[in-house]
There are 2 protein chains.
Amino acid sequence: MDFRPIQAKKIYEEVVEQIRQLMENGSLKPGDKLLSERELAEKLQVSRASVREALRALEMMGFVEIKAGGGTFIKETSGDDIIQPLAMFLSIEKGSFFEIYEIRKIFEIAAAHLAAQRATPGDLARIEENLEMMKAAMTEDDSEKGEGSDAAFHFSIAEATQNGWLVRLLNTIADSFNKSISIARRQLYLTPGHPQLLIEQHTKIYEAIRDKNPILAQKTMLEHLSFAEGAMAKTLKIEPEFKLLT
Amino acid sequence: MDFRPIQAKKIYEEVVEQIRQLMENGSLKPGDKLLSERELAEKLQVSRASVREALRALEMMGFVEIKAGGGTFIKETSGDDIIQPLAMFLSIEKGSFFEIYEIRKIFEIAAAHLAAQRATPGDLARIEENLEMMKAAMTEDDSEKGEGSDAAFHFSIAEATQNGWLVRLLNTIADSFNKSISIARRQLYLTPGHPQLLIEQHTKIYEAIRDKNPILAQKTMLEHLSFAEGAMAKTLKIEPEFKLLT
DNA sequence: TAAATGTTAATGGTAAGACCACTGATCTTT
DNA sequence: AAAGATCAGTGGTCTTACCATTAACATTTA
C-alpha cells in the first residue's frame, strides 16, 4: 500500500505560515496592524492560545511587535533582530573563541576590501571621524571612549560596503563577541603601549580604504585583528587551535 | 521626584532567561530532559500558558526539542537551527539577491582558502568523492543528482576548514539561498554546456585545495561563484547593483 | 476655545481547568 | 521470551475568566 502519513503539523506553525505568506505577497506591510488575537482565533477557527503561541514565535524572530493593550504590528526593521538567537547562543557556547573570531576576521577583512572599492566620501568622513575620536580618547586616557570609538570605526567600515546584510551579520557577531570577552577587551586597552599600536593599525586601515587599495586594506585589517586576537588570547590564557587565517 | 518606571517584564521572557542561565552555567546539558510544563509552571509560580510560550520561543530558536507525549529536551546540536529565522527572512525580503550572494561568496572563498591549508587526507577524499559524483551525474544527465553532489562538494570544503561555526553559517546561507532561487538554480544545470563548465571549475577548485595552494583555491572558487551568479542573475533578469567582489 | 481630565471599549497578559492524542514503561498473556 | 494490553505522564489544544494597559472618546475646567 502507498499510504502517506496524516498531516500532524502543529497548529501554531500553520498560523505562522499563513501570516508569513501574507507578508511575503505584500498583503501585510511593515507598520500594518494585525487583527486582534480574538479575531484571528475566530477567523482561523483555533483557540486564542494557539494564536498567541504563533505571535510569540513571530515576535521572537523579530517579525512583529506586540504592544500590550495596543495591538500587534508588522515590524518595520526586520533584519537587525533576526539574528537575536545567535547572540543568545554565543552566551552559552564556550570554547569556540577562535572559531568565532575567525569568522569575524573573514567578515572584517572582506568588509575592508569592499569598503576600499565602494566607500563614498560620506563613508570616508565617518570613518575618519571615528578614528579621530579614538586618538582623542587616547590622549584623554579614556579607555571606555576608546572602546566605543573602536567599535564605531569598524562599524563605519562595514557600512561603507553598501551591503546591509554584511553590516547586520558582522555587527551581531562583533557585539556578542565583545560582550563575552569584555575583560580581555578591557585589558587590550590598558596594556601600556597598546593604545598607540592600535591607533597606528587603525590609521593604516583608514588610509588604505581612503586610497582605494582593497588589497592593502584587507592586509592591514588582518594584521590588526591578528594582533588583537593574540593579545586577548594571552589574557585569556588560550592557545590557538590552528594557524590563523592568513 | 526621582521615580523610576516599574519593571514590567513579560513573564515568558523571565522564564526564557532562567532556562538560558541554567544552560549557560551548565546545569542543563544537551540531551537533558526538562521538567514537565506542569511542574515548571508550579515551581515558577506561573500559569502553564506562560511556560508554554517560553518553550515555544526556545523551540523556535533551536535550543530545545519538544516531543508531544514525551517531554522537552535540551537540543544536542544547537547551532544548525539557530538561524532558522534567517531562512524565513530570505523568503520575505526581496531584492537582496546580490547582498546575500556576496556574503555567500565571502564565506566560500574563505572556506576554500582555509581548506587548502587544513584539509586532512580524509577531507580531501570526501571532496574528491563528491566531485566524481558530479561527473557521474553529468554523464547520466541526472540534474537532480548533479545539484545534490554540487551542494555536497561545497559542504565538504567547508568541513575541511575544521571550523564548525563556519560550516553552520555557510550551510544555512547556502541552503536558504538555493531554496529561494531553485528555479534559477535548476536552469543553471539545464543550459547546454554549463554542466561541463561547472565540472571544470569544481575540478580546479579541488586541485588547488589538494595542492595546498590557498591563493589559487580562493581564486578558482571566486571564478566559479561569479560565473554561477551571473548565469542565475540572467535567468532571474536582475542586474547587479555594484561591482562584484574581486 | 483649548487644554486637562475622566470614561470606556478593545487589546494583550495571565491564570485555571479540562480533555485529547501520543509516548514509554509496566504488566499480562501467549 | 515475545507479543500484546494497560496505564500514568506529557505535550497539544480549547474554553472561560479576569486583570492591566492602551487609545479613542466624552466631559469638565480654565
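Refer to the preceding data block for the structure.
Owing to the predicted nature of the structure, the values given are computational and were not obtained by experimental measurement. (Residues numbered from 1 in each chain as written. Chains lettered and ligands numbered in written order. Predicted model: local features only at pLDDT ≥ 70, side-chain atom pairs only at ≥ 80, totals over all residues. Heavy atoms only, no water.)

**Student:** Lay out the environment of A:Ala228 in plain terms, naming residues and giving numbers.
**Tutor:** Within the secondary structure, A:Ala228 is located in helix 11 (residues 214-236). Between the alpha carbons of A:Ala228 and A:His194 there is a distance of 9.5 Å; along the sequence they are 34 residues apart. (Helix = DSSP H or I, 4+ residues; strand = E, 2+ residues; numbered from the N terminus.)

**Student:** Describe in detail the environment of B:Ala111, supporting the description with residues and values.
**Tutor:** Residues and elements named next belong to chain B. Summarising the element assignment, Ala 111 is placed in helix 5 (residues 97-118). Among the residues examined, Ala 111 registers a relative accessible area of 0% and is labelled buried. Note: C-alpha distance between Ala 111 and Val 167 (56 residues apart in sequence) is 8.8 Å. (Buried < 20%, exposed > 50% of the residue type's maximum accessible area, 1.4 Å probe, protein only.)

**Student:** A description of the protein's contact with DNA strand C should follow, citing residues and the corresponding values.
**Tutor:** Residues in close proximity to DNA strand C total 23 residues, the closest being A:Glu37, A:Arg38, A:Arg48, B:Ile11 and B:Ser47. A share of 67% of the atoms of DNA strand C within 4 Å of the protein falls on sugar and phosphate groups. In this structure, B:Ile11 approaches DNA strand C through a main-chain N or O atom, which is 2.9 Å from a phosphate oxygen. For DNA strand C, a base nitrogen lies 3.3 Å from a polar atom in the side chain of B:Arg48. (Near = heavy atom within 4 Å. Polar contact = N/O pair within 3.5 Å; in protein donor to acceptor, adjacent residues only side chain to side chain.)

**Student:** Requested: an account of the pairing of strand 1 (residues 64-67) of chain B, with residues and values cited.
**Tutor:** Both strand 1 of chain B and strand 2 (residues 71-74) of chain B contribute to a ladder of 4 bridges, which runs antiparallel. Considered in strand 2 of chain B, the bridge of B:Glu65 is made with B:Phe73. (Pairing = 2+ DSSP bridges.)

**Student:** Residue-level account of unusual backbone geometry, with values.
**Tutor:** In this model, A:Gln162 sits at a positive phi of 65°, which is unusual for a non-glycine residue. Mapped onto the elements, A:Gln162 comes out in the loop between helix 7 (143-159) and helix 8 (164-180). The phi dihedral of B:Gln45 is positive, around 60°, even though this residue is not glycine. Structurally, the position occupied by B:Gln45 is in the loop between helix 2 (37-44) and helix 3 (48-60).

**Student:** How would you explain the pattern of salt bridges if you had to name every residue and give the values?
**Tutor:** Residue and element names in this part refer to chain A. In total, this model carries 30 salt bridges over all chains according to the counting rule given. The partner of Arg 48 in a salt bridge is Glu 37, and the shortest N-O contact between them spans 3.0 Å. Placement of Arg 48 in helix 3 (residues 48-60) and of Glu 37 in helix 2 (residues 37-44) is noted, with a sequence separation of 11 residues between them. With a relative accessible area of 34%, Arg 48 lands in the partly exposed category. Exposure remark for Glu 37: the relative accessible area of 13% places this residue in the buried category. In this structure, the salt-bridge partner of Glu 223 is Lys 219, at a minimum N-O distance of 3.2 Å. (Salt bridge = Lys/Arg side-chain N within 4 Å of Asp/Glu carboxyl O.)

**Student:** Describe in detail the packing of helix 7 of chain A against helix 10 (residues 194-210) of chain A, supporting the description with residues and values.
**Tutor:** Residues and elements named next belong to chain A. Between helix 7 and helix 10, the least distance of the axes is 12 Å, while the angle of their chain directions is 20°. Here helix 7 is positioned roughly parallel relative to helix 10, judged by the angle of their axes. Crossing handedness for the pair helix 7 and helix 10: left-handed. Where helix 7 abuts helix 10, its residues Asp 150, Phe 153, His 154 and Ile 157 lie against His 202, Ile 205, Tyr 206 and Ile 209. Grouping the amino acids of the contact of helix 7 with helix 10 by side-chain chemistry returns 5 nonpolar, 2 polar and 1 charged. (Axes fitted to C-alpha atoms, helices over the stretch in contact; angles between N-to-C directions. Parallel < 35°, antiparallel > 145°, perpendicular 65-115°, else oblique. Left-handed = near helix turned anticlockwise from the far one by under 90°. Contact = heavy atoms within 4.5 Å. Nonpolar A, V, L, I, M, F, W, Y, C, P; charged D, E, K, R; others polar.)

**Student:** Can you break down the protein's contact with DNA strand D residue by residue, with the values?
**Tutor:** For DNA strand D, the set of nearby residues contains 24 residues, the closest of which are A:Ile11, A:Ser50, A:Ala68, B:Glu37 and B:Arg48. When the atoms of DNA strand D within 4 Å of the protein are grouped by moiety, sugar and phosphate amount to 65% of the total. Contact between DNA strand D and B:Gly69: a base nitrogen at 3.1 Å from a main-chain N or O atom of the residue. A distance of 3.3 Å separates a phosphate oxygen of DNA strand D from a polar atom in the side chain of B:Thr72. Partitioned by chemical class, the residues of the surface near DNA strand D number 5 nonpolar, 9 polar and 10 charged.

**Student:** So what's going on with the nonpolar core? Residues and values would help.
**Tutor:** Grouped together as the largest cluster of nonpolar side chains are 88 residues, with contacts concentrated most on A:Phe107, A:Ile157, A:Ile209, B:Phe107, B:Ile157 and B:Ile209. Look past the residues within four positions of A:Ile209 in its chain and what remains in contact with it is A:Ala112, A:Ala115, A:Ala116, A:Ala119, A:Leu124, A:Ile127, A:Ile157 and A:Ala217. A:Val15, A:Leu40, A:Leu55 and A:Ile66 belong to the second-largest nonpolar core, a separate cluster that totals 21 residues. (Core = buried A, V, L, I, M, F, W, Y, C linked by side-chain atoms within 4.5 Å.)

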